[in-house]
Amino acid sequence: MLGGGGCNEEYNQVARDYNVKVKAMIARLRAELRGYRLAYINVYDDMVDLIEHPEKLGLENVSEGCCATGKVEMGFMCNDKSPLTCDDADKYFFWDSFHPTEKINRFFAKGTTAVSLSLLT
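Residues numbered from 1 in each chain as written. Predicted model: local features only at pLDDT ≥ 70, side-chain atom pairs only at ≥ 80, totals over all residues. Heavy atoms only, no water.

## A word on the overall build of the chain
Working step 1: If you tally the helices and strands in the chain, you get 3 helices and 2 strands.
Working step 2: Mapped from its N terminus to its C terminus, the chain presents α and β elements in the order α-α-β-β-α.
Working step 3: The buried share among the 121 residues of the chain stands at 26%.
Working step 4: Relative to all contacts within the chain whose residues are 6 or more apart in sequence, the contacts with residues 24 or more apart total 57%.
Working step 5: Counting every atom, the chain has about 8,200 Å² of accessible surface; 58% of that belongs to carbon and sulfur. (Helix = DSSP H or I, 4+ residues; strand = E, 2+ residues; numbered from the N terminus. Buried < 20%, exposed > 50% of the residue type's maximum accessible area, 1.4 Å probe, protein only. Contact = heavy atoms within 4.5 Å. Areas by Shrake-Rupley, 256 points an atom, 1.4 Å probe, with all protein chains shown as cover.)

## Concerning the packing of aromatic side chains
The way to describe two aromatic rings as a pair is by their centre distance and the angle between their planes.
Working step 1: Using the criterion set out here, one finds 3 aromatic pairs in the structure.
Working step 2: With centroids separated by 5.1 Å and ring planes inclined at 80 degrees, the aromatic side chains of Phe107 and Phe108 adopt a geometry described as edge-to-face.
Working step 3: Given the relative accessible area of 40%, Phe107 is considered partly exposed.
Working step 4: Taking relative accessible area as the criterion, Phe108 reaches 10% and is therefore assigned buried. (Phe/Tyr/Trp six-rings, centres within 6.5 Å; stacked < 30°, edge-to-face > 60°.)

## Concerning the pattern of salt bridges
Working step 1: A full pass over the atoms with the stated rule returns 3 salt bridges.
Working step 2: The partner of Asp49 in a salt bridge is Lys56, with the nearest N and O atoms 2.5 Å apart.
Working step 3: Look at Asp49 and you get partly exposed, because its relative accessible area is 26%.
Working step 4: Lys56 gets classed as exposed once you look at its relative accessible area, which sits at 52%. (Salt bridge = Lys/Arg side-chain N within 4 Å of Asp/Glu carboxyl O.)

## Concerning the nonpolar core
Working step 1: Core analysis: the largest hydrophobic core is formed by 8 residues, namely Leu50, Leu57, Leu59, Val62, Phe93, Phe94, Ile104 and Phe108.
Working step 2: Listed by contribution, the elements that provide at least two residues to this core are strand S2 (92-94) and helix H3 (102-120).
Working step 3: Core analysis: the second largest hydrophobic core is formed by 6 residues, Cys66, Cys67, Tyr92 and Trp95 among them. (Core = buried A, V, L, I, M, F, W, Y, C linked by side-chain atoms within 4.5 Å.)

## Some details on helix H1 (residues 9-32)
Working step 1: In this model H1 runs 35 Å from its N-terminal to its C-terminal C-alpha over 24 residues, within 8% of the 34 Å that 1.5 Å per residue would give.
Working step 2: Taken together, the buried positions of H1 are Asn12, Asn19, Val22 and Ile26.
Working step 3: Those residues of H1 hidden inside the fold are in contact with helix H2 (43-52). (Expected span 1.5 Å × (residues − 1).)

## What about the side chain of Asp96?
Working step 1: One can find Asp96 in the loop between S2 and H3.
Working step 2: Separated by 3.0 Å, the side chain of Asp96 and the backbone nitrogen of Phe98 make a polar contact.
Working step 3: Polar contacts involving the side chain of Asp96 include one to the main-chain amide nitrogen of His99, which spans 2.7 Å. (Polar contact = N/O pair within 3.5 Å; in protein donor to acceptor, adjacent residues only side chain to side chain.)

## What to know about a negative patch on the surface
Working step 1: A cluster of like negative charges, contributed by Glu60, Asp87, Asp88 and Asp90, occupies part of the molecular surface.
Working step 2: Turning to its location among the elements, Asp87 is positioned in the loop between strand S1 (61-65) and S2. (Patch = residues over 30% accessible without salt bridge, like charges linked within 9 Å, V, L, I, M, F, W, Y side chains within 5 Å. Lys, Arg positive; Asp, Glu negative; His and termini not counted. Charge placed at Lys NZ, Arg CZ, Asp CG, Glu CD.)

Below you can see the structure in the form of structure tokens.
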């Protein structure tokens, strides 16, 4: 997300290109490091899916952040003590103009943990 809400296609393309390179690196490492279990978890596509289908997690706002205007602020200016923070961050995908809310991070952490545990069995 960037600016007045919505996604920045240039940044998204960088993320997609990076993910292609990571997958290629993992394939090489799997061949070199036999006996190790390596996994690629495609969080990017899952995040895009949640943004396109916010009802899956009961989200009401996926185009602006919870903090301040939700359009340009990032990081340290956004905290739960700020008078400009939304009333219920669980209704938002973004905490600030770039970073997901705690609800979104927990959702993906649980999914990543499940995949990691399945590799061990």
